[in-house]
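# What the coordinates show
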Amino acid sequence: MAIRVAVPGSKPAGSFMINLPNMGRLWAALCLTFFMTCSALPAQAQRAPDENTSARLVWSTMVALDNANRTGNYTVLRELGSPSFQSRNSQLVLSSVFADLRDNRVDVGRAIMTKPTYYLPPTLKPEGELRLRGAFEYRPKSLRFDLIYKNLNGGWRLHAISVAQMDFDAPR
């Protein structure tokens, strides 16, 4: 089947034919290309960050926590979080969660002097959240962390945090 298409403003000789079977093949090829491209994008978007980016996320979170513990002001740590992190964690809640580190004057900021050791490889959860779990292996006490980040507007935002000082030999 063929359709005659008239080009506006042209003489009858300005019309042309579209052969639907050929048009159908072209349409199928375009659709296939589109869907293959789109299905490749989530795989790229769901890759865990490289080692340097992962370490930078951990270090910046440790520095923010250290500053919050030193000043007793958890505003910046809270604001670095995702909207759901902020709604779940008031400054008072964060102060309570990290009271043990603060009361024992744990130097969380020293983490920037050491490369983090990951107990689990940096992992993207099915929801697209990045989990970084590991420690800064100091002796006799390690600084352990379990952090979850959410990618919002092209940047990783803190979504959940657990940091504790433990004996170096404690189970991982």
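Every value quoted in this text rests on a predicted model; they were computed, and no experiment measured them.

### A word on the overall build of the protein
- The number of helices and strands found in the protein is six helices and six strands.
- When the helices and strands of the protein are placed in sequence order, the string is β-β-α-α-α-α-α-α-β-β-β-β.
- Taking all 172 residues of the protein together, the buried fraction comes to 29%.
- Taking contacts inside the protein between residues at least 6 apart in sequence as the whole, the part at least 24 apart equals 49%.
- Split by element, the accessible area of the protein, about 11,000 Å² in all, is 59% carbon and sulfur.

### As for the nonpolar core
- Ranked by size, the top nonpolar core spans 27 residues in total, and within it Met 62, Leu 65, Leu 77, Phe 98, Leu 143 and Val 163 carry the most contacts.
- Secondary structure elements with two or more residues in this core: α2 (51–71), β4 (130–136), β5 (141–152) and β6 (155–167).
- When near neighbours in sequence (up to four residues on either side) are disregarded, Leu 77 contacts Ala 64, Leu 65, Ala 68, Phe 85, Leu 94, Phe 98 and Leu 158.

### Regarding the layout of surface pockets
- Within this model, the largest pocket holds a volume of roughly 150 Å³.
- Lining the largest pocket, in full, are Asp 66, Asn 69, Arg 70, Leu 101, Arg 102, Arg 105, Val 106 and Asp 107.
- Secondary structure elements with two or more residues in the lining of the largest pocket: α2 and α6 (99–103).
- If one sorts the elements of the lining of the largest pocket by residue count, α2 sits on top with three residues.
- Classifying every residue of the lining of the largest pocket gives two nonpolar, one polar and five charged.

### As for the environment of Arg 139
- For Arg 139, the location among the structural elements is in the loop between β4 and β5.
- Taking the C-alpha atoms as reference points, Arg 139 and Asp 169, 30 residues apart in sequence, are found 9.0 Å from one another.

### Concerning a nonpolar patch on the surface
- A contiguous nonpolar surface patch, about 300 Å² in accessible area, is contributed by Val 63, Ile 112 and Met 113.
- Mapping Met 113 onto the fold places it in the loop between α6 and β3 (117–124).
- On the basis of relative accessibility, which here comes to 70%, the residue Met 113 falls in the exposed class.

### A short note on the pattern of salt bridges
- Across all of its chains, the model carries eight salt bridges by this definition.
- For the salt bridge of Arg 133 with Asp 146, the shortest nitrogen-to-oxygen distance reads 4.0 Å. You can see Arg 133 sitting in strand β4 and its partner Asp 146 sitting in strand β5, a full 13 residues away along the chain.
- Because the salt bridges share partners, they merge into one network encompassing Asp 66, Arg 70 and Asp 107.

Definitions and cut-offs
- Residues numbered from 1 in each chain as written.
- Predicted model: local features only at pLDDT ≥ 70, side-chain atom pairs only at ≥ 80, totals over all residues.
- Heavy atoms only, no water.
- Helix = DSSP H or I, 4+ residues; strand = E, 2+ residues; numbered from the N terminus.
- Buried < 20%, exposed > 50% of the residue type's maximum accessible area, 1.4 Å probe, protein only.
- Contact = heavy atoms within 4.5 Å.
- Areas by Shrake-Rupley, 256 points an atom, 1.4 Å probe, with all protein chains shown as cover.
- Core = buried A, V, L, I, M, F, W, Y, C linked by side-chain atoms within 4.5 Å.
- 1 Å grid on protein atoms, 1.4 Å probe; cavity = no way out; pocket = protein on both sides within 12 Å on 5 of 7 lines; lining within 4 Å.
- Points joined across faces, edges and corners; volume = space filled by probe spheres on them.
- Nonpolar A, V, L, I, M, F, W, Y, C, P; charged D, E, K, R; others polar.
- Patch = residues over 30% accessible without salt bridge, like charges linked within 9 Å, V, L, I, M, F, W, Y side chains within 5 Å.
- Salt bridge = Lys/Arg side-chain N within 4 Å of Asp/Glu carboxyl O.

In short, geometric facts, not functional conclusions.
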